[in-house]
2 protein chains.
Amino acid sequence: MNKDLKLIEDRQRETAIFGSVLSLLGWDQLTYMPKKGAESRAEQVSQLSELIHQKVTDDNFYHALLRLKKSKSLSKKEALMVKKLLKGIEKSRKLPEEFVKEMSKVTSLSYMAWEKAREKNDFKIFQHHLEKVVELKRKECNYIKEPDHPYNSLLDSYEEGMTVEKLKPIFEKLKKDLKILINKIKDTEHYKKQTPLSLEVPVEQQRELCHDLMKRIGLTEDRSRLDLSIHPFTQTAGINDVRLTTNFRKSPLFSFESTIHESGHALYELNLPEKDAYNILGSAVSLGIHESQSRFWENMVGKSRPFWNFYYSQFKKISKLDITEEQLYNGINFVKPSLIRIESDEVTYCMHVILRFEIELGLIEGTIKVKDLPKVWNKKMEELLGIIPKNDVEGVLQDMHWSQGAIGYFPTYALGSIYASQLFEQLTKEKKGIEKQIDKGDFSEISKWLKLKIHQHGNTLLPEELIKKACKKGLDVDTYVSYLNYKYSKIYGFKK
Amino acid sequence: MNKDLKLIEDRQRETAIFGSVLSLLGWDQLTYMPKKGAESRAEQVSQLSELIHQKVTDDNFYHALLRLKKSKSLSKKEALMVKKLLKGIEKSRKLPEEFVKEMSKVTSLSYMAWEKAREKNDFKIFQHHLEKVVELKRKECNYIKEPDHPYNSLLDSYEEGMTVEKLKPIFEKLKKDLKILINKIKDTEHYKKQTPLSLEVPVEQQRELCHDLMKRIGLTEDRSRLDLSIHPFTQTAGINDVRLTTNFRKSPLFSFESTIHESGHALYELNLPEKDAYNILGSAVSLGIHESQSRFWENMVGKSRPFWNFYYSQFKKISKLDITEEQLYNGINFVKPSLIRIESDEVTYCMHVILRFEIELGLIEGTIKVKDLPKVWNKKMEELLGIIPKNDVEGVLQDMHWSQGAIGYFPTYALGSIYASQLFEQLTKEKKGIEKQIDKGDFSEISKWLKLKIHQHGNTLLPEELIKKACKKGLDVDTYVSYLNYKYSKIYGFKK
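Residues numbered from 1 in each chain as written. Chains lettered and ligands numbered in written order. Predicted model: local features only at pLDDT ≥ 70, side-chain atom pairs only at ≥ 80, totals over all residues. Heavy atoms only, no water.

### A closer look at the interface of chain A and chain B
Our working definition: In what follows, residue pairs with any heavy atoms lying within 4.5 Å of each other are defined as contacts. Salt bridge, as applied in this entry: a Lys or Arg side-chain nitrogen positioned within 4 Å of an Asp or Glu carboxyl oxygen. Counted as a polar contact is a pair of N or O atoms within 3.5 Å, where, for protein atoms, one must be capable of donating a hydrogen and the other of accepting one, and residues adjacent in sequence contribute only when both atoms are in side chains. Secondary structure elements follow DSSP: runs of H or I of four or more residues count as helices, runs of E of two or more count as strands, with numbering from the N terminus.
Residue-level contacts link 35 residues of chain A with 35 residues of chain B. Lys-36 of chain A serves as the salt-bridge partner of Asp-222 of chain B, at 3.2 Å between the closest nitrogen and oxygen. The interface formed by chain A and chain B holds 20 residue pairs in polar contact (both at pLDDT 80 or more) in total. Top element by residues in the side of chain A that touches chain B is helix α1 (residues 3-31) of chain A. It accounts for ten residues.

### Details of the environment of Asp-392 of chain A
Residue and element names in this part refer to chain A. Going by this rule: Burial status follows relative accessibility: with a 1.4 Å probe on protein chains alone, a residue under 20% of its type maximum counts as buried, one over 50% as exposed, and anything between as partly exposed.
When you line up the elements, Asp-392 lands in the loop between α16 (373-385) and α17 (411-430). Asp-392 gets classed as buried once you look at its relative accessible area, which sits at 16%. Sequence separation of Asp-392 and Tyr-278 is 114 residues, and the distance between their C-alpha atoms is 43 Å. For Asp-392, the residues in contact, after removing those within four places along its chain, are Asn-121, Phe-123, Pro-374, Leu-397 and Gln-398.

### Focus: the sheet that holds strand β3 (residues 241-246) of chain A
So the rule is basically this: Pairing between strands requires that DSSP locate at least two bridges from one strand to the other. Axis definition: a line fitted to C-alpha atoms, over the contacting stretch in the case of helices. Angles run 0 to 180 degrees between N-to-C directions.
Here we have three strands laid out as an open sheet, ordered β1-β3-β2 (chain A), and mixed in their pairing. Unpaired on one side and paired on the other, β1 (224-228) and β2 (234-238) of chain A mark the two borders of the sheet. Within this sheet the neighbouring strands show an average axis-to-axis angle of 25 degrees, counted without direction. With five bridges joining them, β1 of chain A and β3 of chain A adopt parallel strand pairing. Paired with Leu-228 of chain A across the bridge in β3 of chain A is Thr-246 of chain A. This element, helix α11 (residues 252-271) of chain A, spans β1, β2 and β3 of chain A of the sheet and lies at about 165 degrees to β3 of chain A. Across the sheet, helix α2 (residues 38-57) of chain B is in contact with β2 and β3 of chain A; its angle to β2 of chain A comes to roughly 70 degrees.

### A closer look at the domain arrangement of chain A
All names here are of chain A. Quick note on the threshold: Each domain span listed reflects an automatic or database assignment of domains. Once two parts are put together, the accessible area they lose, assessed with a 1.4 Å probe and summed over both, is termed the buried area. Each residue is assigned to one class: nonpolar for Ala, Val, Leu, Ile, Met, Phe, Trp, Tyr, Cys and Pro, charged for Asp, Glu, Lys and Arg, and polar for all the others, Gly among them.
Looking at chain A, the domain boundaries give domain 1 (1-93) and domain 2 (140-496). Once you take the C-alpha centre of each, domain 1 and domain 2 turn out to be 29 Å apart. Each partner contributes to the interface: domain 1 provides 19 residues, whereas domain 2 provides 26 residues. Here domain 1 meets domain 2 over a buried area of about 1,900 Å², counting both sides, of which 59% is carbon and sulfur. On the domain 1 side of the contact with domain 2, Trp-27, Lys-84 and Lys-91 bury the most area, a combined 34% of that side's loss. There are five salt bridges connecting domain 1 and domain 2. Remark: the boundary between domain 1 and domain 2 carries ten residue pairs in polar contact (both at pLDDT 80 or more). Looking at the side of domain 1 that touches domain 2, the elements that each hand over two or more residues are α1 and α4 (76-93). In terms of residues, the side of domain 1 that touches domain 2 owes the most to one element, α1, which gives eleven residues. Grouping the amino acids of the side of domain 1 that touches domain 2 by side-chain chemistry returns nine nonpolar, five polar and five charged.

### What about the relation of the copies chain A and chain B?
Note the cut-off: Superposing copies: least-squares fit, C-alpha atoms only, residues required to have pLDDT of at least 70 in both.
Note on the identical chains: chain A maps onto chain B by a rotation of 180 degrees and an axial translation of 0.0 Å, with an RMSD of 0.0 Å. With respect to symmetry, the two chain copies, as superposed, fit the operation of a two-fold axis. A shared interface surface links the copies, since 100% of the contact residues of chain A are contact residues in chain B too.

### Focus on a negative patch on the surface
Residue and element names in this part refer to chain A. Basically, it comes down to this: Like-charged residues are merged into a patch within 9 Å and nonpolar side chains (Val, Leu, Ile, Met, Phe, Trp, Tyr) within 5 Å, provided each residue has over 30% relative accessible area and no salt bridge. Each accessible area is a Shrake-Rupley estimate made with a 1.4 Å probe; only the visible protein chains count as cover when residues are assessed. Counted charges follow a simple rule, with Lys and Arg positive, Asp and Glu negative, and His plus the chain ends left uncounted. Charged side chains are reduced to one point each, which is NZ for Lys, CZ for Arg, CG for Asp and CD for Glu.
A cluster of acidic residues, Glu-98, Glu-102, Glu-131 and Glu-135, forms a negative patch at the surface. If you list the elements that add at least two residues to the negative patch, you get α5 (97-120) and α6 (123-144). On the basis of relative accessible area, Glu-102 is assigned to the partly exposed category, the value being 39%.

### Notes on the nonpolar core
Note the following rule: By convention a nonpolar core is built from buried Ala, Val, Leu, Ile, Met, Phe, Trp, Tyr and Cys residues, the set being connected through side-chain atoms within 4.5 Å.
Ranked by internal contacts, the top residues of the largest apolar core, which has 123 residues, are Phe-296, Trp-297, Phe-307, Trp-308, Tyr-311 and Phe-315 of chain A. Counting residues per element, this core draws most heavily on helix α15 (residues 349-365) of chain A, which supplies eleven residues. Grouped together as the second largest cluster of nonpolar side chains are 122 residues, Ile-217, Met-381, Leu-384 and Tyr-483 of chain B included.

### Thoughts on unusual backbone geometry
Of note in the backbone geometry, Asp-148 of chain A takes a positive phi value of approximately 65 degrees without being a glycine. The topology assignment puts Asp-148 of chain A in the loop between α6 and α7 (152-158). Despite not being glycine, Lys-472 of chain B shows a phi value in the positive range, around 65 degrees. Looking at the secondary structure, you find Lys-472 of chain B in the loop between α20 (463-471) and α21 (477-492).

### A few points about helix α10 (residues 203-217) of chain B
Residue and element names in this part refer to chain B. Operational definition: Multiplying 1.5 Å by the helix residue count minus one yields the expected span of that helix. The directions from the helix axis to the C-beta atoms form the arc being described.
If you check α10, its first and last C-alpha atoms are 21 Å apart, about what 15 residues at 1.5 Å a residue would give, namely 21 Å. Within α10, burial applies to Gln-206, Leu-209, Cys-210, Leu-213, Met-214 and Ile-217. Projected down its long axis, α10 shows its buried positions confined to an angular sector of 135 degrees, all on one face. Exposed residues on α10 whose side chains face more than 90 degrees from its buried face are Glu-208 and Lys-215. Two residues or fewer past α10, Gly-218 is found with a positive phi of approximately 115 degrees.

### Re the pairing of strand β3 (residues 241-246) of chain B
Residue and element names in this part refer to chain B. Among the six residues of β3, six are classified as buried, and the element is accordingly described as predominantly covered. On β3, burial covers both faces: Asp-241, Arg-243 and Thr-245 on one face and Val-242, Leu-244 and Thr-246 on the other are all buried. Where strand β2 (residues 234-238) meets β3, four bridges bridge the pair, whose relative direction is antiparallel. Residue Thr-236 lies in a different strand from β3, and its bridge partner there is Val-242. From the end of β2 to the start of β3, which pair antiparallel, there are two residues, and Asn-240 there has a positive phi angle of about 60 degrees.

Structure below.
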């Protein structure tokens, strides 16, 4: 084999393996690690991250890639791998070492300040740190310099190929359509009379339901597991080793719904092409596509009528359920503008994302100042959802993303929702009668279809190309709006 | 700081941190890892081990140590660190790279063959592999060449300073004395009438008892945890982060006794001097001393009369206990020659170790052939304990040690027992009335004393020096025999 090719394959393998160790350290930290192990864990993580960073940024690796880029004997797949690797490396080589170190220091302090600000419900504690973060992110845009809008340089890291120029009109349209939909819902009799579900399910039964769900989705216990953590997440600790977490909260539906969401992520990870497990082509394609998988299972499947036809009787067996199947289904799909993104319903969810996107754009353009954020946040909240936070903890301080420098990340949540609706539309077209299988608690056909359409492609296409291949059309917000209109017109009884 | 000194401190820190990551990988593999994650885990472990190996064997590190050895400006502690590091490195540098690779390959195959041989109850499957292992271990002795008996080169890795010349007469004496003691016990009326304990404790209560025990020993949940695995073990996953495991078996005492044993190991690890956490002086001194800690808690404390005065009432609360306190205490200390080392009682335990030591000596000297092992084993078993295994699974195939090349390891189990009895004798001399505290379930004074006498010294003395400092005398088998005689004469009612 070509010496350079061997070098880049070995290097990718090595960093992938160390990367999976890092994932396990992260999983353990949030599940089982004794509290006082934190300091030592931070040192383990930092030393291992540093090692990986050295291995992906060193000159040998870069120069091998440059030589390979010019080579004419590469297969199509090899050429794609070289191209993808070079793109990432050239991006990171644009950032001066000093800048990277400063960013790491600033975000680490900023995250701690964010935690403290939340504790004290005082944005001022966080403000100064966030100002530094925003300043550095603006600098980063300047170093990276993707074409057109500076924000593109951030967005592209999370969703390759996506730009402000494409996204802004899509989100404008979505905002307008959601406003109309929310108003329609609010005008119904059903909305005015609705009360939230009140269910009680013992923790042990909740756990059993979650395991049952995972198994039906295709997550067998020889390749995955479910543990507890404060916030649910999914980590890949190795090939054939995916760890999901959940939490048992006041509402017994929390563990169930978060488990189906995380199962979507986990299934994607487990179905990635094993032959490429140790190179860049075998990884997930983007955050937006990853989120499409979790939201597909959480919403399109997990909040559908046939799904609850099946699970109504399961819940009935284990809890005092004195409501009808329809009442349960409606309760699961309860719509009401609320303050916290991660607790919001399917209809209002994207409004939370759009709010953050608009603020991020303003911060990067310089038209919004950090010190004005609480005011700006509350104003936008009123404009988009008609409600105003009583304090910053349930407002601008609710998400950790900005404190860690993750600006440009939020849009992928909405993109995931849109992609998910497109996949669902395509699935029901291709697999007539799939509802009847869901109705029986049989999700195997769906899992297989997703593997074929999304998972097995790994990282060989751009996100939008992948969706186009799967659904015969690119990103299409109208599909999403139609899906919501159709579903909620039935629940709330209004004309589409 | 001296440049070389900085290099060796940085290097030790780096390898200690990666080493603790390796420990976590091992812990996870035996507790929570989904089955099919095994292959990927093996790659993580091998890659990380390889990295550590490179870091401790490279020339920069070695040459820095050689220069430091000649330096006159080192503190006493620094000089000791250099001396200890050099000893280890020079030892490993004596082994040709080819040899190390072969050993790794051979033992990996041999371990699998051992597993299979056990499954099929067929020593022949293992024989050929073990022959290779023994051949390589004999080569290893030749490379290392510690003075006198070739076996010293193996023994010294597990128990620094220990030699065949010292150990052989000690084990001869112990064997003779134990034989007398066992015969005295067997001759009593009590022995002839004894029946094993039969207790029932629900798993949840067993778990609570284990946690209670850990807490009383000083293992708080912010620095330690207890999980489940097939065989109990203890791993240090970082500073202030020690993981114990247990298992709920047929006898409810298994989890309780294994937890107190592992707690002894864990307490040692947690009490090692934190200022030396990242250098060789901060580690445990030897396997024998480590085992002295676990066996001290398991036997000298955990099988003592005052201990069971306290726990009798705890057990009574949670199980149908229709026996007296004395019957429970006697049942815990049930003596009967049996076939499996890890299930044997306090009196016969060392006979199992001596048997293995004698066989190992024969294998290294060449006077015992691998092919004859089943016969030799059974003959020695009859000679030492008067019983004969029905098959090799309960005979020569019972321990995994040899399959992994761990020849020279077994003696540390007996050394640990002897050291433990010496520590117990010294404790009761220095802390009059300690039994009254044990009687109340208060073990804090004992933990403090062990920290002072053993734990806090880390790896600054040789094992025997440490015991001499703590107990005013070196390794002393008579103390151990007296301890057993005194305790069991009371239980079985014979004259000492």
